[in-house]
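Structural description and commentary
Residue-level listing of the chains:
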Amino acid sequence: MFKKALYVFFCSLLPIIELRGAIPLGAGLHLPWYLNYAICVIGNLLPVPFILLFIRAILRWMKGTRAFSKIALWLEAKADKHAGKVQRYQSLGLFLFVALPIPGTGAWTGSLIAALFGIRLKYSIPSITAGVFTAGVIMTLASYALKGVLGFLL
């Protein structure tokens with residue numbers, strides 16, 4: 001079980017996949033829901049402080065290189081696309097943005113938006129954390145309910 005848990009943990013660290021993909025994976029690997037939830041939340045939250053503190057400097061550096069400038073501009077465009085919703089409501093908007101488990105939202109993008117638009121750490125970290133907890137509950141309920149239904153039908 002340790003290997004499965006470690007695999008799920010590393011998947012939850014990744015951008016795009018985050019806990020939205022890692023929780024269903026853990027359910028499919030037959031991890032207990034409480035262990036799966038805890039591993040994925042911790043893994044999803046681990047990069048948040050680093051993104052909030054260092055992403056501006058990293059993006060500046062990336063834009064100055066030929067190899068990474070397009071990626072940096074794409075990341076900034078992605079943040080700009082969702083920024084209006086978050087900036088309008090600040091902490092609540094950031095929480096809702098991270099909490100809704102739909103593609104393109106999550107802790108990574110929420111942290112990127114918070115950093116690029118200057119939402120202070122004392123507001124962004126609790127909002128993102130609460131959003132990850134909420135998205136984790138939603139994904140855990142959905143994943144294990146679906147697993148139960150499929151197990152019943154098969």
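See the structure above.
I will try to describe carefully the structure that is included in this document.

What counts, and where the lines are drawn
- Residues numbered from 1 in each chain as written.
- Predicted model: local features only at pLDDT ≥ 70, side-chain atom pairs only at ≥ 80, totals over all residues.
- Heavy atoms only, no water.
- Helix = DSSP H or I, 4+ residues; strand = E, 2+ residues; numbered from the N terminus.
- Contact = heavy atoms within 4.5 Å.
- Salt bridge = Lys/Arg side-chain N within 4 Å of Asp/Glu carboxyl O.
- 1 Å grid on protein atoms, 1.4 Å probe; cavity = no way out; pocket = protein on both sides within 12 Å on 5 of 7 lines; lining within 4 Å.
- Points joined across faces, edges and corners; volume = space filled by probe spheres on them.
- Nonpolar A, V, L, I, M, F, W, Y, C, P; charged D, E, K, R; others polar.
- Buried < 20%, exposed > 50% of the residue type's maximum accessible area, 1.4 Å probe, protein only.
- Polar contact = N/O pair within 3.5 Å; in protein donor to acceptor, adjacent residues only side chain to side chain.
- Phe/Tyr/Trp six-rings, centres within 6.5 Å; stacked < 30°, edge-to-face > 60°.
- Patch = residues over 30% accessible without salt bridge, like charges linked within 9 Å, V, L, I, M, F, W, Y side chains within 5 Å.
- Areas by Shrake-Rupley, 256 points an atom, 1.4 Å probe, with all protein chains shown as cover.

The next subject is the overall build of the protein chain. When helices and strands are counted, the protein chain shows seven helices and zero strands. When the helices and strands of the protein chain are listed from N to C terminus, the series reads α-α-α-α-α-α-α. Dimensions of the protein chain, computed from the C-alpha atoms along their principal axes, are close to 55 × 35 × 25 Å. For the protein chain, the share of sequence-separated contacts (at least 6 apart) that also reach a separation of at least 24 residues comes to 71%.

Here we come to the pattern of salt bridges. With the rule as written, the count across this model stands at one salt bridge. The closest approach of N and O atoms between E76 and K63, which form a salt bridge, is 3.0 Å. Of this pair, E76 sits in helix α5 (residues 69–99) while K63 sits in helix α4 (residues 48–63), and the two are 13 residues apart along the sequence.

Here we take up the layout of surface pockets. To find leftover empty space, a probe the size of one water molecule is rolled over the atoms. When its volume is computed, the largest pocket comes out at roughly 440 Å³. For the lining of the largest pocket, the elements supplying multiple residues, two or more each, are α2 (18–28), α4, α5 and α6 (107–116). For the lining of the largest pocket, the leading source of residues is α4, giving five residues. Partitioning the lining of the largest pocket into residue classes produces 14 nonpolar, three polar and three charged.

Relative to the helices and strands, N44 is located in helix α3 (residues 33–45). By relative accessible area, which is 0% here, N44 ends up buried. Engagement of the side chain of N44 in a polar contact is seen with the side chain of E18, the distance being 3.1 Å. With residues up to four places along the chain from it excluded, the contact list for N44 reads S12, E18, L19, R20, A107, W108 and V132.

This part takes up the packing of aromatic side chains. Ring pairs (aromatic) are described by centroid distance and by the angle formed between their planes. With the rule as written, the count across this model stands at three aromatic pairs. Each ring, one from W61 and one from F68, has its centre 5.6 Å from the other, and the planes form 35°; the classification is tilted. Classification of W61 by relative accessible area gives exposed; the value is 52%. F68 sits in the partly exposed class, given a relative accessible area of 35%.

Quick look at a nonpolar patch on the surface now. A contiguous nonpolar patch, built from F50, L53, F54, I58, L121 and I125 and spanning about 560 Å² of accessible area, is present on the exposed surface. For the nonpolar patch, the elements supplying multiple residues, two or more each, are α4 and α7 (121–153). Here the nonpolar patch takes four residues from α4, the largest share from any one element. Structurally, the position occupied by I58 is in helix α4. Classification of I58 as partly exposed rests on a relative accessible area of 40%.

On to the side chain of S69, then. As for its position among the elements, S69 is in helix α5. Classification of S69 as buried rests on a relative accessible area of 18%.

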